[in-house]
Amino acid sequence: MRRLLELPRRIFARAYSNALVLSLRCKRGLHIGNRVTIKGLPIIDIRYGGKVVIQDGVTLNSTNYGYHLNMFAPVKLFVDRPRATIIIGEGTRIHGSCLHSYASIEIGKRCLVAANCQIIDGSGHDLSFGDVENRINTKGDCHPIIIEDDVWIGANTIVLPGVRIGKGSVIGAGSIVTKDIPPMVVAAGNPAKVIRVAAQVVENMEKRAETPLE
Ligand SMILES: CC(C)(COP(=O)(O)OP(=O)(O)OC[C@H]1O[C@@H](n2cnc3c(N)ncnc32)[C@H](O)[C@@H]1OP(=O)(O)O)[C@@H](O)C(=O)NCCC(=O)NCCS
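Notes on the structure in this doc start here. From a predicted model like this one, the values you see are computed outputs, not experimental measurements.

## Quick notes on the overall build of the chain
Next up, step 1: Looking only at helices and strands, one finds two helices and 20 strands in the chain.
Next up, step 2: For the chain, the C-alpha atoms occupy an extent of roughly 65 × 55 × 30 Å along the three principal directions.
Next up, step 3: Long-range contacts, defined here as pairs at least 24 residues apart, represent 31% of the contacts in the chain between residues at least 6 apart.

Structure (structure tokens):
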């Protein structure tokens, strides 16, 4: 019975996704590519003339059906200042996570963002220690975030303003990324630190160390 229902479910899901993508093409500030898959209902909130670019083959998943974690909220893409941008590269998959851009959040190709991540390029308020009574009215500074190609961000991770995560790296679940992470490493924890370097990188480093200087 379950198998029998699988095909109509898939056909419905594809039709739903295509219809949603079609309607989103009319949304101001949103550039959406081909072969984009949308599951569930994402929140795409574009204010003050900001821009969201969703490149070809991206998946935005806001439903728990068939996904191996529980996500607690839909995908949210929020650009919140003039000229703020979010760019999601080709073939990237985002599950139930929030990207809030005051300046720029750029995610490369073929990245994976697991559920319940928060990627924010601003803290939301200034520290305002000189005028704490006014903190509540401040919006804080912002610093662009760059996530390079083929990065995998584990569930419940927070990526803070100004961070760059290098190509191919993996961020462990529940991490808080406060500083740049180099390419081809596993980083985890709070604050996220490198816990493993890809064997290829170690080999290259060893080869370079063995090469005599001319
Ligand atoms: C990132 C991850 C893949 C790394 O796996 P790994 O390279 O096999 O890491 P290990 O299990 O060998 O752990 C290495 C060390 O890092 C620590 N560590 C691993 N993941 C960690 C995490 N998320 N936070 C903090 N520390 C972590 C381990 O405790 C271990 O510490 P030790 O050397 O002191 O014993 C894995 O830990 C992880 O987070 N998986 C979940 C990914 C996820 O969110 N998937 C959702 C679906 S897309």
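Now, onward.
## Considerations on the site of the ligand
Next up, step 1: Surveying the vicinity of the ligand reveals 15 residues, the closest of which are Ala114, Gly154, Gly172, Ala173 and Ala188.
Next up, step 2: Elements represented by at least two residues in the shell around the ligand include exactly strand E19 (185–188) and strand E20 (193–197).

## Observations concerning the pairing of strand E4 (residues 51–54)
Next up, step 1: Burial along E4 is one-sided: Val52 and Ile54 are buried, and none of Lys51 and Val53, which face the opposite way, are.
Next up, step 2: Here E4 pairs with strand E7 (residues 85–88) via four bridges, running parallel. Looking at E7, one finds that Lys51 is bridged to Thr85.

## Notes on the sheet that holds E7
Next up, step 1: Pairing is parallel across the open sheet formed by six strands, whose spatial order is E1-E4-E7-E10-E13-E16. Edge strands, defined here as strands with exactly one partner in the open sheet, are strand E1 (30–32) and strand E16 (164–165).

## Some details on helix H2 (residues 199–210)
Next up, step 1: If you check H2, its first and last C-alpha atoms are 17 Å apart, about what twelve residues at 1.5 Å a residue would give, namely 16 Å.
Next up, step 2: The element H2 is barely covered by neighbouring structure, given that only zero of its twelve residues are classed as buried.

## Digging into helix H1 (residues 2–24)
Next up, step 1: The first and last C-alpha atoms of H1 sit 32 Å apart over 23 residues, in line with the 33 Å expected at 1.5 Å per residue.
Next up, step 2: Burial within H1 is sparse, with just zero of its 23 residues counted as buried.

## Some remarks on the nonpolar core
Next up, step 1: Within the largest apolar cluster, 46 residues are counted, with the highest numbers of intra-cluster contacts made by Val52, Leu77, Ile86, Ile119, Ile171 and Ile181.
Next up, step 2: When sequence neighbours within four positions are dropped, the list of residues in contact with Ile171 reads Ile153, Gly154, Thr157, Ile165, Val177, Ile181, Ala187, Ala188 and Ala192.

## Considering the pairing of E20
Next up, step 1: For E19 and E20, the ladder comprises four bridges, and the chain directions are antiparallel. Bridge pairing links Val186 to Arg196 in E20.
Next up, step 2: Hairpin geometry of E19 and E20 is characterised by an intervening segment of four residues between the two adjacent antiparallel strands and by a positive phi of about 100° at Gly189.

## Here we look at the environment of Leu77
Next up, step 1: Considering the arrangement of structural elements, one finds Leu77 in strand E6 (residues 76–79).
Next up, step 2: For the pair Leu77 and Leu99, spaced 22 residues apart in sequence, the C-alpha separation works out to 5.1 Å.
Next up, step 3: Not counting chain neighbours up to four residues away, the residues in contact with Leu77 comprise Pro42, Ile44, Val52, Ile86 and Leu99.

## Examining the sheet that holds strand E11 (residues 112–113)
Within a sheet, each strand pairs with its neighbour through backbone hydrogen bonds, oriented either parallel or antiparallel.
Next up, step 1: The eight strands lie next to each other as E2-E5-E8-E11-E14-E17-E19-E20, forming an open sheet whose pairing is mixed. Each having just a single partner strand, strand E2 (37–39) and E20 make up the two edges of the open sheet.
Next up, step 2: Direction of pairing for strand E14 (residues 152–153) relative to strand E17 (residues 170–171): parallel, over a ladder of two bridges. Within E17, the position partnered with Ile153 by the bridge is Ile171.

Analysis parameters
Residues numbered from 1 in each chain as written. Predicted model: local features only at pLDDT ≥ 70, side-chain atom pairs only at ≥ 80, totals over all residues. Helix = DSSP H or I, 4+ residues; strand = E, 2+ residues; numbered from the N terminus. Contact = placed C-beta atoms within 7 Å. Near = placed C-beta within 6 Å. Buried ≥ 20, exposed ≤ 12 C-beta atoms within 10 Å, placed from the backbone. Pairing = 2+ DSSP bridges. Expected span 1.5 Å × (residues − 1). Core = buried A, V, L, I, M, F, W, Y, C linked by C-beta atoms within 7 Å.

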